[in-house]
Amino acid sequence: MPFDFTFTSEQEMLRKAAMEFAEKEVAPKVEWMDETGETPIELVKKMMELGFGAIVIPREYGGAGLGHIARIAVLEEISRISPALSFCLQIVHLGQAPLIYFGSEEQKKKWLPGMAKGELISTCAVTEPTGGSDVLGIQTTAKREGDSYILNGRKCFITNVHISNMHGVLAKTGEGPKGLSFFMIEPNTPGVKPGRKENKDGLRGLNTGELILENVRVPKENMIGSEGDGLRIALTAISNIGRPGVNGVALGIIRRCLEEAAKYSKQRILYGKPISELQAIQWYLTEIYLDYETTRLLTYYAAWLRDKGARCDAENAAGKYYSVEAAVRCAHKLIQIFGAYGVMREIIPQRLLRDAEVLCSAAGTQEIMKLVMFRKALEYAK
Amino acid sequence: MRILNIIVCIKQVPDPKEFSKIAIDPVRKTIVREGIPSIINPLDKNALEEALRIREKYGGKVIVLSMGPPQALEACKEALAFGADEAILLCDRLLAGSDTLATAYALSKAIRKLEPYSLILCGNETVDGSTGQVPPQLAEFLGIPHVTRVRGIKIIDDEAIVESMMEYGYRIVKVKLPAVLAVVKEINTPRILSVFGIISASSKKLIQWCVSDIEADIDMIGLEGSPTRVTDVFTPEVKRRCEVFRGPVEETVRKAVRRLHEIGVF
């Protein structure tokens, strides 16, 4: 594939569609989302109707098969207006990933078309109070009983949990790294209960909460892969979809920081001239711009690798680490540019900072990203 | 009446969000578009949306027609993604420099090749030229009626009942089909492109025609065939001035009105 930095006409149309959706339909709801923490269900539905949930699902299963670059372009545009809604969409994609990468033909045919239409939205429920970065520490169990597994446990910090009708769940079927398996729980399965809703500081309006599983009977046909494949399935999904998804969200935050910084510094008059003429402000803008361009390169490069089918765990980790650090520092710089206005609730900079901070632990902490990159770094020993 | 083809004329224009970056070539008096992203003229999107709605209600086929440089293919692809059935781009160096009359002539020649049709929908004007001349000129070349500033369309048998906006209020016009209807933004809210629309666009018919395909008289197209000559393009200088009138209200108002007449405000 040639090294080309231009979008195809399909990708460009998709980007414009996402931008229009975000500016016209999402923007009027952003303040309400931040104030109330409520999820705008009708916007989630609209995103699905527009097919944004189908971007990475292959065409043979009813999806659009537009790939990872297209996905990032959409996430960036939506995040520019609402990082919370963009994150919601990226987790819709994450919920599809175990099936796309490891599902049997039968499982793909059964669920992916419904997911492409937005009729089925699945979580990807991995984290528990005792196991996040330490995945092996999870305690949810899946015990074989005839042709089914009985699942019991409590997942936490599960995105979209109250708005999803399916759940992809990592559970223990044994001990050690090969003692984990991955299950798809279908809609209306008895014993599945979304628990408490989290009241987050940022990404407000993004639904996050607990998933409680009490004697949930899951047919063995709903296991993805084989018994013991769970860790690989969960980590692949998170690495291939979850982390670049965070990059896309962070990219949108940084772009918004750049836009707001440029606009405000041209308008705000101090000492009889726009503050964009003050060197201190110029450097802030330069640094935000540099972070935007660097994040774009890292994020789209990793997406380009994925579209080629190449492995890119380290590149996705590098993108996630850098983009999130950059989003936090850019939002912080934006607050400096706005001065006291920057921390006022009705003005955007403080929200961007709160939103960016939430990304630090999403799809793997920054420290886990360093570990992934470290392993890649060691490969350079000749 | 069974609706046959609905032809929608669209134009690719510079994105109005980027108008501040537009420069005028001082010699050729044309817009320098380099680096300015292009979009489908906003009112043309309303026209396309209306065509899709009419098709949903009455059937038929929506054919998009555009005239422009090869880049305008992107606008045609976008129109297909919105849901048009076919798109045709009139693209020929001989058409370069066409004014509204030459453009309307070329479009009419292309439309002749698309007969039979029931309806031609256009945006009332474009954001770059803003003349609003092409739809009426097109209707004249085709010898069919036209209505401008259309904000509502109802099809009854072989007629359309059309609401046409005026400065204050609107008028209802009954027009025999086929006709050219030039729409305003009040007519509808164009849909947002869907992912599935985008992927279906690549399998739809997108044709390029040149001047010989439409059998146009080359003396009536391009710069040579255009009676309009742009002698200058400039930003009008707006001078603000202030005059204060004092005294009893009625007399002061009378004075102010007289003065406004004198300086040609009304």
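Per chain, residue numbering runs from 1 following the sequence as it is written. A letter from A marks each chain and a number from 1 marks each ligand, given out in the order of writing. Local features in this predicted model are restricted to residues of pLDDT 70 or higher, and side-chain atom pairs are both shown and tallied only at a pLDDT of 80 or more, whereas totals for entire chains, interfaces and linings draw on every residue.

The next subject is the overall build of chain B. Each helix is a run of DSSP H or I of at least 4 residues and each strand a run of E of at least 2, with the numbering of both proceeding from the N terminus. Along chain B, the regular secondary structure elements total 7 helices and 13 strands. With the C-alpha coordinates of chain B rotated into their principal frame, the extents come out at 75 × 50 × 40 Å. Burial status across chain B gives 40% buried among its 266 residues. Nonlocal contacts in chain B, meaning residues at least 24 apart in sequence, comprise 70% of its contacts between residues at least 6 apart. Each residue is classified by how many other C-beta atoms fall within 10 Å of its C-beta atom, where C-beta atoms are placed from the backbone; a count of 20 or more means buried, 12 or fewer means exposed, and values in between mean partly exposed. The contact criterion used is a C-beta to C-beta distance within 7 Å, with each C-beta placed from the backbone.

Another aspect to go through is the overall build of chain A. Each helix and strand counted, chain A has 11 helices and 10 strands in total. Here the C-alpha radius of gyration of chain A, 21 Å, is about what a compact globule of 382 residues would show, namely 21 Å. Oriented by its inertia axes, the alpha-carbon framework of chain A measures out at about 80 × 55 × 40 Å. Burial status across chain A gives 52% buried among its 382 residues. C-alpha atoms define the radius of gyration in this analysis, and the globule rule sets the expected value at 2.2 Å times the number of residues to the power 0.38.

All names here are of chain B. A pair of strands is labelled paired if DSSP reports no fewer than 2 bridges between them. Taken in spatial order, the 9 strands of this open sheet run β11-β10-β9-β12-β8-β1-β6-β7-β13, and their pairing is mixed. Among the strands making up the open sheet, the edge pair consists of β11 (170–176) and β13 (205–209). Here the average twist between neighbouring strands, direction ignored, is 30°. Where strand β8 (residues 117–123) and strand β12 (residues 179–183) come together, 5 bridges link them in parallel fashion. When the bridges of β12 are listed, Cys122 appears paired with Ala182. Every angle, taken between N-to-C directions, lies between 0 and 180 degrees, and every axis is a line fitted to C-alpha atoms, over only the stretch in contact when it is a helix. Contacting β1 (5–10), β6 (61–67), β7 (86–90), β8 and β13, helix α3 (residues 100–112) runs over the sheet at an angle of about 145° to β6. Across the sheet, helix α4 (residues 134–142) touches β8, β9 (146–156) and β12, and the angle it forms with β9 is around 65°.

The biggest cluster of nonpolar side chains holds 192 residues, and the ones touching the most others in it are Val8(B) and Leu181(B). Here this core gets 14 residues from one element, more than from any other, and that element is helix α7 (residues 230–267) of chain A. Not counting chain neighbours up to four residues away, the residues in contact with Val8(B) comprise Ala47(B), Leu48(B), Ala51(B), Val62(B), Val64(B), Ala84(B) and Leu121(B). Nonpolar cores are identified as sets of buried Ala, Val, Leu, Ile, Met, Phe, Trp, Tyr and Cys residues joined via C-beta atoms within 7 Å.

Residue Glu115(B) is joined to Pro116(B) through a cis peptide bond whose omega torsion reads 0°. With respect to the helices and strands, Pro116(B) occurs in the loop between α3 and β8. Here Leu203(A), not a glycine, exhibits a phi torsion of approximately 45°, which is positive. Counting through the fold element by element, Leu203(A) comes out in the loop between β6 (192–197) and β7 (208–219). Even without being a glycine, Arg149(B) presents a positive backbone phi close to 50°.

Turning to the domain arrangement of chain A, a few remarks are in order. Many authors give the size of an interface as the accessible area that is lost as the parts come together. All names here are of chain A. Domains are outlined according to an automatic or database domain assignment. Here chain A is partitioned into domain 1 (9–117), domain 2 (122–228) and domain 3 (232–378). Taken together, the 25 residues of domain 1 in the interface contact 18 residues of domain 2. Every element with two or more residues in the side of domain 1 that touches domain 2 is listed here: α2 (30–36), α3 (41–49), α5 (83–102) and α6 (105–117). Gly is put with the polar residues, along with every residue not named as nonpolar or charged; the nonpolar set is Ala, Val, Leu, Ile, Met, Phe, Trp, Tyr, Cys and Pro, and the charged set is Asp, Glu, Lys and Arg. In terms of residue class, the side of domain 1 that touches domain 2 is made up of 17 nonpolar, 6 polar and 2 charged.

To continue, consider the pairing of β11(B). Residue and element names in this part refer to chain B. Where strand β10 (residues 159–165) lies against β11, 7 bridges are found, and the strand directions are antiparallel. Across the sheet, residue Ser164 finds its bridge partner in β11, namely Arg171. In this structure, the hairpin formed by β10 and β11 is closed by a connection of 4 residues, where Gly169 is found at a positive phi of approximately 85°.

Residues and elements named next belong to chain A. Here Ala142 shows up in strand β2 (residues 141–145). Along the sequence, Ala142 and Leu180 sit 38 residues apart, while their C-alpha atoms lie 9.0 Å from each other. Not counting the four nearest positions on each side in its chain, Ala142 is found in contact with Tyr149, Leu151, Ala171, Lys172, Thr173, Ser181 and Phe183.

All names here are of chain A. Where helix α1 (residues 9–26) contacts helix α4 (residues 67–81), the two axes come as close as 8 Å, and the packing angle between them is 20°. Judged on the interaxial angle alone, α4 and α1 are roughly parallel. The hand of the α1/α4 crossing is right-handed. Contact with α1, carried on its side by Gln11, Leu14, Arg15, Ala18, Met19, Ala22, Glu23 and Val26, involves Ile69, Ala70, Ala73, Val74, Glu77, Ile78, Arg80 and Ile81 of α4 and no other residues of that element. Looking at the contact of α1 with α4 residue by residue, the class counts come to 11 nonpolar, 1 polar and 4 charged. Any angle from 65 to 115 degrees is called roughly perpendicular, while one under 35 is roughly parallel, one over 145 is roughly antiparallel, and all others are oblique. For any pair of crossing helices, the crossing counts as left-handed if the nearer helix is rotated counterclockwise from the farther one by less than a right angle, and right-handed if it is rotated clockwise.

What follows concerns the environment of Leu258(A). All names here are of chain A. Summarising the element assignment, Leu258 is placed in helix α7. With 19 C-beta atoms counted inside 10 Å, the residue Leu258 sits in the partly exposed group. Between the C-alpha atom of Leu258 and that of Tyr284, which follows or precedes it by 26 residues, the distance is 9.6 Å. Dropping the residues within four chain positions of it, Leu258 is found in contact with Ile288, Tyr289 and Tyr292.

For the rest of this paragraph, the subject is α3(B). Residue and element names in this part refer to chain B. Multiplying one less than the number of residues by 1.5 Å gives the expected span of a helix. Its 13 residues give α3 an end-to-end C-alpha distance of 18 Å, which sits within 8% of 18 Å, the value for a rise of 1.5 Å per residue. For α3, the buried fraction is high: 12 of the 13 residues fall into the buried class. Every buried residue of α3 is listed here: Thr100, Leu101, Ala102, Thr103, Ala104, Tyr105, Ala106, Leu107, Ser108, Lys109, Ala110 and Ile111.

As a further point, take helix α9 (residues 313–338) of chain A. With 26 residues, α9(A) extends 37 Å from end C-alpha to end C-alpha; this agrees with the ideal 38 Å at 1.5 Å per step. Once α9(A) finishes, Gly339(A) follows within two positions and takes phi at roughly 65°, a positive value.

This part covers the pairing of β9(B). All names here are of chain B. As paired elements, β9 and β12 share 3 bridges and run parallel to each other. Paired with Val150 across the two strands is Val183, which belongs to β12. Of the pairings in the sheet, the one linking β9 to β10 comprises 6 bridges and is antiparallel in character. Paired with Ile155 across the two strands is Ala160, which belongs to β10.

Before going further, it helps to spend a moment on the environment of Val184(B). All names here are of chain B. Tracing the chain through its elements places Val184 in the loop between β12 and α5 (195–201). Given 19 C-beta atoms within 10 Å, Val184 falls into the partly exposed group. Val184 has contacts with Leu43, Asn124, Arg149, Val150, Arg151 and Met165, leaving out every residue within four places of it along the chain.

The predictor rates its confidence in each residue with pLDDT, a number between 0 and 100. Confidence in the prediction for chain B averages 93 pLDDT; 99% of positions are at 70 or higher. Scoring the predicted complex yields pTM 0.91 and, for the interface, ipTM 0.89.

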